[in-house]
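Now for the letters of each chain:
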Amino acid sequence: MLIVESTLIKAGTRLRISPRKAPKDRASRKDLSVNIAGLPAGERPSPKASGLEGVVVAETRLSHVDGERGQLFIAGSRVEDLALSAPGQFETVVEGLWALGAGEPMTCVPERLAQARASAFARIESLNHALSLADAMDALLASTAQGCAGSDSLGVLGALPVYVAAGARLRAGLSPIAPEATRSMAQDFMSMLGLPENPARARALDAYWLTVSDHGLNASTFAARVVASTGSDVMPCVVAGLAALKGPLHGGAPGPVLDMLDATANSEPRAWLENELSAGRRIMGMGHRIYRVRDPRAFVFERALARLEAEEQANSAIAQRVAHARRVELAASALLNERHPERALCANVEFYTALLLEAVEIPRALFTATFAVGRCAGWLAHIEEQRHTGRLIRPAARYVGPLPD
Ligand code: COA
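Predicted, not measured: the structure shown is a model, and the values here were computed from it. (Residues numbered from 1 in each chain as written. Predicted model: local features only at pLDDT ≥ 70, side-chain atom pairs only at ≥ 80, totals over all residues. Heavy atoms only, no water.)

### Let's talk about the environment of Val109
Logical step 1: When you line up the elements, Val109 lands in helix H3 (residues 109-122).
Logical step 2: For Val109, a relative accessible area of 0% corresponds to the buried category.
Logical step 3: Counting along the chain gives 14 residues from Val109 to Glu95, while the straight-line C-alpha distance between them is 6.7 Å.
Logical step 4: With near-sequence residues (within four places) excluded, Val109 lies in contact with Glu91, Val94, Glu95 and Leu154. (Helix = DSSP H or I, 4+ residues; strand = E, 2+ residues; numbered from the N terminus. Buried < 20%, exposed > 50% of the residue type's maximum accessible area, 1.4 Å probe, protein only. Contact = heavy atoms within 4.5 Å.)

Have a look at this one:
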């Protein structure tokens, strides 16, 4: 039986696939018609969805994104409660997500993560070349691939902040700083970067990591689940997540958001934004595949920034930056609404991520890698959840290429 993987076909119709370039001779055209009505349900083509928009490919207990109402639930909690009202440390969300994804509790997470940081630091010397790569995400990808082979979930997660911080220090010509087991992951990350101890800023970084720990089937989580579905082990799944996160349409946006805020600091933002759109570039930190309203994580970060500003004796630098960001956001929303009245394009998580990470003095070049540390909590739980399904993810494609004469 000829089974053709295809799209946009209604059962009972005849499927015809033609090469993109019409053959010179009509008689030479291969006819791949097949009657799909007789195919078993599992073999029938389903409608094509550009970018897989709206296609459900997994069931998850980990997080839920309501794009119409602008709500996000992570491990059964509203993101606002998780990060602001009853904030725990990042380690608590690792535990919560894991329990849901794996169906069993994970014990002693803070201690095991601290142990994983120490083990990762012991491997630093052998990873010198990988860690010294010029781009922070390239360095994280290479050092994770090389340094985490055979590690378990917490082994990989604990290694990430160590590699991000050590890579940054090595690229700056400085020696890596060893982790310290008594600190939380957020405190230790800041310390390994060489930042002074600052509980308010560590709390803000915790709020950031809690907030970005999981977000439905985003591109990097999907990539990690695809690899997990092949039966691969943890490290390659996380490397797949990192690779997807690096892209500017996903986790690579916050650095460019700060560039935009810098570029518009002394002028009216609208002209600058118009210029970007005329040049065919996207406004970073704006728009989202799922949200049709402002991203709830943008509100969380605004509130975390306000709290940090208060804790730092009315830090006016933070207040001024947020006020300017708000002006740019409003100008960008207005402009995008004029250009795309059919599609609400509002601020996404990356817009205020940029401000929050800047306020805790994470270097701009490390924004995406810092995001990766938080999102890895979700990846690990999704990898485990996917494994429990025991089912390979293998979608179909419609063939539109040439055929032999
Ligand atoms: N700036 C300018 N135009 C944008 C835009 C942006 N930030 N986001 C979307 N658009 C445009 C698209 O180009 C598209 O226009 P077209 O139909 O003329 O081609 C239209 O709006 C609809 O886009 P949509 O289908 O909503 O986008 P998507 O779901 O494919 O993409 C993003 C979602 C996030 C990739 C997209 O909004 C984007 O590139 N944003 C900037 C990068 C960013 O902030 N990424 C972080 C995401 S959390």
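### Quick look at the site of the ligand
Logical step 1: Among the 20 residues in the neighbourhood of the ligand, the closest are listed as Ile283, Gly285, Met286, Arg289 and Arg343.
Logical step 2: Between the ligand and Ile283, the relevant distance is 2.7 Å, taken from a nitrogen atom to a main-chain nitrogen or oxygen of the residue.
Logical step 3: Measuring from an oxygen atom of the ligand, one finds a side-chain N or O atom of Asn348 at 2.9 Å.
Logical step 4: Here the ligand, which alone exposes 860 Å², has 75% of that area covered by the protein.
Logical step 5: Its atoms largely coinciding with the cavity grid, the ligand occupies the largest pocket.
Logical step 6: Across the shell around the ligand, the residue classes tally to 10 nonpolar, six polar and four charged. (Near = heavy atom within 4 Å. Polar contact = N/O pair within 3.5 Å; in protein donor to acceptor, adjacent residues only side chain to side chain. Areas by Shrake-Rupley, 256 points an atom, 1.4 Å probe, with all protein chains shown as cover. 1 Å grid on protein atoms, 1.4 Å probe; cavity = no way out; pocket = protein on both sides within 12 Å on 5 of 7 lines; lining within 4 Å. Sits in = over half its atoms within 2 Å of the grid points. Nonpolar A, V, L, I, M, F, W, Y, C, P; charged D, E, K, R; others polar.)

### Observations regarding empty space enclosed by the protein
Once rolled over the atoms, a probe with the size of a water molecule shows which space is left empty.
Logical step 1: Per the stated rule, a full pass over the model turns up one cavity of 30 Å³ or more.
Logical step 2: In this structure, the largest cavity encloses a volume near 40 Å³.
Logical step 3: Lining the largest cavity are Met190, Leu195, Pro196, Asn198, Arg201, Val360 and Glu361.
Logical step 4: Tallied by class, the residues present in the lining of the largest cavity amount to four nonpolar, one polar and two charged. (Points joined across faces, edges and corners; volume = space filled by probe spheres on them.)

### Digging into the state of the cysteines
Logical step 1: Within this structure, the stated rule accounts for zero disulfides.
Logical step 2: There is no disulfide at Cys376, and the cysteine sulfur nearest it, in Cys148, is 8.9 Å away. (Disulfide = S-S within 2.5 Å.)

### With respect to the packing of helix H2 (residues 90-102) against helix H16 (residues 367-389)
Logical step 1: The contact between H2 and H16 brings their axes to 8 Å, and the two run at 15°. With respect to H16, the element H2 is oriented roughly parallel. For the pair H2 and H16, the crossing hand works out as right-handed. Of the residues in H16, those touching H2 at Phe90, Val94, Leu97, Trp98, Gly101 and Ala102 are Val373, Gly374, Ala377, Gly378, Leu380, Ala381, Glu384, Glu385 and His388. (Axes fitted to C-alpha atoms, helices over the stretch in contact; angles between N-to-C directions. Parallel < 35°, antiparallel > 145°, perpendicular 65-115°, else oblique. Left-handed = near helix turned anticlockwise from the far one by under 90°.)

### Some details on the sheet that holds strand E4 (residues 71-74)
Logical step 1: Overall, antiparallel pairing links the three strands, which are arranged E3-E4-E5 in an open sheet. Edge strands, defined here as strands with exactly one partner in the open sheet, are strand E3 (63-66) and strand E5 (77-78).
Logical step 2: The sheet contact formed by E3 and E4 spans four bridges and is antiparallel. By the bridge assignment for E4, His64 is matched with Phe73. (Pairing = 2+ DSSP bridges.)

### Describing the packing of aromatic side chains
Logical step 1: A full pass over the atoms with the stated rule returns four aromatic pairs.
Logical step 2: Taking the centre distance of 5.3 Å and the plane angle of 40° together, the rings of Phe351 and Tyr352 count as tilted.
Logical step 3: When its relative accessible area of 0% is taken as the criterion, Phe351 is described as buried.
Logical step 4: Take Tyr352: its relative accessible area is 0%, and that puts it in the buried class.
Logical step 5: Connected via pairs of aromatic rings, a cluster forms that spans Phe90, Phe189 and Trp209.
Logical step 6: The aromatic ring of Phe299 is capped on one face by Arg294, whose charged end is 4.5 Å from the ring centroid. (Phe/Tyr/Trp six-rings, centres within 6.5 Å; stacked < 30°, edge-to-face > 60°. Lys NZ or Arg CZ within 6 Å of the ring centre and 35° of its normal.)

### A look at unusual backbone geometry
Glycine aside, residues mostly have negative phi, and peptide bonds are mostly found in the trans state.
Logical step 1: Backbone geometry at Cys108 places phi at a positive 50°, although glycine is not the residue there.
Logical step 2: As for its position among the elements, Cys108 is in the loop between H2 and H3.
Logical step 3: At Glu361, a position not held by glycine, the phi torsion is positive, near 65°.
Logical step 4: Here Glu361 is to be found in the loop between helix H15 (349-359) and H16.
Logical step 5: When its relative accessible area of 43% is taken as the criterion, Glu361 is described as partly exposed.

### Remarks on helix H13 (residues 296-311)
Logical step 1: The end-to-end C-alpha distance of H13 is 23 Å, a good match for the 22 Å that 16 residues give at a rise of 1.5 Å each.
Logical step 2: What H13 keeps buried is the set Pro296, Arg297, Ala298, Val300, Phe301, Glu302, Ala304, Leu305 and Leu308.
Logical step 3: Backbone geometry just after H13 places Gln313 at a positive phi near 50°. (Expected span 1.5 Å × (residues − 1).)

### Focus: a nonpolar patch on the surface
Logical step 1: A cluster of nonpolar side chains, contributed by Leu52, Val55, Val57 and Leu217, occupies part of the molecular surface with about 280 Å² of accessible area.
Logical step 2: Within the fold, Val57 resides in the loop between strand E2 (34-35) and E3. (Patch = residues over 30% accessible without salt bridge, like charges linked within 9 Å, V, L, I, M, F, W, Y side chains within 5 Å. Salt bridge = Lys/Arg side-chain N within 4 Å of Asp/Glu carboxyl O.)

### Focus: the layout of surface pockets
Logical step 1: Computed from the structure, the largest pocket encloses a volume of approximately 1,600 Å³.
Logical step 2: As for the largest pocket, its lining consists of 46 residues, of which Leu249, Gly287, His288, Arg289 and Ile290 are closest to the centre.
Logical step 3: Split by residue class, the lining of the largest pocket holds 21 nonpolar, 15 polar and 10 charged.

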